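Residues per chain are reported as follows:
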Amino acid sequence: MTHQDLSLDIQGDIAIVRLTRPAKRNALNDGLILALRNTFESLPDTVRAVVLDGEGPHFCAGLDLSEISERDAGGGLRHSRMWHAALELVQHGPVPVVAALHGAVVGGGLELASACHIRVADASTFYALPEGTRGIFVGGGGSVRIPRLIGVARMTDMMMTGRVYNAEDGERAGFAQYLVPEGAAVDKAIELARRIATNAPLTNYALMHALPRIAEQSADHGFFTEALMSGIVQDAPEAKARVRAFLEGKAAKVTKG
């Protein structure tokens with residue numbers, strides 16, 4: 001247990017991190033954002049993948065508006081940077097994170113989900129960015145991460161018009177990589193996390209840390225970064241053992257899904 005509104009459940013080599021403010025639709029206040037940061041900063045070394053979930057019918061309805069105080073420009077800047085530091089540890093922390101989405105994935109909740117590596121949505125999920133209609137702007141990294149999922153034009157539309165995406169349209173737009181029946185997101189996320197946890201840790205690390213950066217580099221720089229990571233990863237003893245098993249016919253071949 002790390003915070004009154006956040007729980008940590010270690011199940012073998014995966015951890016389930018759960019927002020536990022169901023009465024507030026898991027709205028994010030400063031204490032909860034700092035608890036997320038501290039949790040991801042101090043995960044046990046035995047954990048190789050994380051599932052991020054929200055208790056109750058909603059994943060996260062965004063910023064807790066009841067705790068917003070008027071801030072000057074400097075205060076707003078510092079508050080935004082606090083969110084950036086916390087969600088950076090989700091995206092570029094020690095292990096991959098699978099989000100189990102359901103109900104509201106709104107505002108800061110969508111910013112949190114976009115920092116995860118894989119998103120599983122159930123049929124109850126809906127997505128929105130109401131900041132634009134409230135006279136404010138995203139501050140938790142959404143302007144960087146969300147357009148990389150759905151594109152600038154879609155995000156602009158959401159913020160200008162208050163558009164809400166349902167689960168099906170959201171999957172087509174790119175918010176989630178998986179869409180499952182209502183109530184099944186957590187089980188699917190755990191299944192994926194257990195599968196991810198069987199990968200070589202250095203390969204997972206390269207996918208989390210190198211792949212997003214390569215996507216932002218010029219082609220020439222990207223090819224060079226890829227070559228460096230490829231060389232480093234294949235030198236790991238676990239990688240060599242896995243390649244050897246494949247060459248000796250001991251590893252499963254890829255089959256049609």
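Residues numbered from 1 in each chain as written. Predicted model: local features only at pLDDT ≥ 70, side-chain atom pairs only at ≥ 80, totals over all residues. Heavy atoms only, no water.

K.L.:
Can you walk me through the packing of aromatic side chains in this structure?
P.N.:
By convention here, two paired aromatic rings are described through the distance between centres and the angle between planes. Applying the stated criterion across every chain yields a total of two aromatic pairs. Seen from their ring centres, Tyr127 and Phe175 are 4.4 Å apart, and the 10° between their planes marks the pair as stacked. Highlighted residues: Tyr127 in strand S7 (residues 126–128) and Phe175 in the loop between helix H6 (167–173) and strand S9 (178–180), separated in sequence by 48 residues. In this structure, Tyr127 and Phe175 share a single accessibility class: buried. One aromatic cluster in this structure is built from Tyr127, Tyr165 and Phe175. (Phe/Tyr/Trp six-rings, centres within 6.5 Å; stacked < 30°, edge-to-face > 60°. Helix = DSSP H or I, 4+ residues; strand = E, 2+ residues; numbered from the N terminus. Buried < 20%, exposed > 50% of the residue type's maximum accessible area, 1.4 Å probe, protein only.)

K.L.:
How do you make sense of the sheet that holds strand S3 (residues 49–54) when you look at a structure like this?
P.N.:
Strand-to-strand pairing in sheets goes through backbone hydrogen bonds, with the strands running parallel or antiparallel. Judged by pairing direction, the sheet is mixed, and its six strands sit side by side in the order S1-S2-S3-S4-S6-S9 without closing on themselves. The outermost strands of the open sheet, each flanked by one partner alone, are strand S1 (6–11) and S9. Shown here is a sheet whose adjacent strand axes are inclined to one another by a mean of 20°, direction ignored. In the sheet, S1 pairs with strand S2 (residues 14–19) via six bridges, with the strands oriented antiparallel. (Pairing = 2+ DSSP bridges. Axes fitted to C-alpha atoms, helices over the stretch in contact; angles between N-to-C directions.)

K.L.:
Explain the side chain of Asp53 here, please?
P.N.:
Considering the arrangement of structural elements, one finds Asp53 in strand S3. With relative accessibility at 3%, the residue Asp53 sits in the buried group. Polar side-chain contacts of Asp53 include one of 2.8 Å to the side chain of Arg18. Beyond its immediate sequence surroundings of up to four residues, Asp53 is in contact with Val17, Arg18, Leu19, Phe59, Ala100, His102 and Val186. (Polar contact = N/O pair within 3.5 Å; in protein donor to acceptor, adjacent residues only side chain to side chain. Contact = heavy atoms within 4.5 Å.)

K.L.:
Whenever I open this one, the packing of helix H8 (residues 201–209) against helix H10 (residues 219–234) confuses me. Can you help?
P.N.:
Between two packed helices, what matters for the description is the angle formed by their axes and the separation of those axes. With their axes 9 Å apart at the nearest point, H8 and H10 run at an angle of 165° to one another. Our classification of the angle between H8 and H10 gives roughly antiparallel. Here H8 and H10 pass one another in a crossing that is right-handed. From H8, Leu202, Thr203 and Ala206 reach across to H10, where they touch Met229, Ile232 and Val233. Looking at side-chain class alone, the contact of H8 with H10 contains five nonpolar, one polar and no charged residues. (Parallel < 35°, antiparallel > 145°, perpendicular 65-115°, else oblique. Left-handed = near helix turned anticlockwise from the far one by under 90°. Nonpolar A, V, L, I, M, F, W, Y, C, P; charged D, E, K, R; others polar.)

K.L.:
Please clarify how helix H5 (residues 152–161) should be interpreted in this entry.
P.N.:
A turn of α-helix holds 3.6 residues, and therefore any two residues three or four places apart point the same way. What H5 keeps buried is the set Met155, Met158 and Met159. Buried residues along H5 cover an arc of 90° about the axis, so they all sit on one side. More than 90 degrees from the buried face of H5, the exposed residues found are Ala153, Met160 and Thr161. For H5, the secondary structure elements touched by its buried residues are helix H3 (108–114), S7, helix H4 (142–150) and strand S8 (165–166). Two residues or fewer after H5 comes Gly162, characterised by a positive phi angle close to 75°. (Arc of directions from axis to C-beta.)

K.L.:
Looking at this model, I keep getting lost on a nonpolar patch on the surface. Mind explaining?
P.N.:
Together, Leu202, Tyr205, Phe224, Leu228 and Ile232 give the surface a local cluster of nonpolar side chains, amounting to about 480 Å² of exposed area. Of all elements in the fold, only H8 and H10 reach the threshold of two or more residues within the nonpolar patch. With three residues, H10 is the largest single contributor of residues to the nonpolar patch. The residue Leu228 is located in helix H10 in this model. (Patch = residues over 30% accessible without salt bridge, like charges linked within 9 Å, V, L, I, M, F, W, Y side chains within 5 Å. Areas by Shrake-Rupley, 256 points an atom, 1.4 Å probe, with all protein chains shown as cover. Salt bridge = Lys/Arg side-chain N within 4 Å of Asp/Glu carboxyl O.)

K.L.:
Hey, could you run me through the sheet that holds S8 in this one?
P.N.:
Read from one edge to the other, the open sheet built from three strands follows the order S5-S7-S8, with strand pairing classed as mixed. Every interior strand has two partners, whereas the edge strands, strand S5 (104–106) and S8, have only one. In this structure, S5 lies alongside S7, joined through three bridges in parallel fashion. Counterpart to Ala104 in the pairing with S7 is Phe126.

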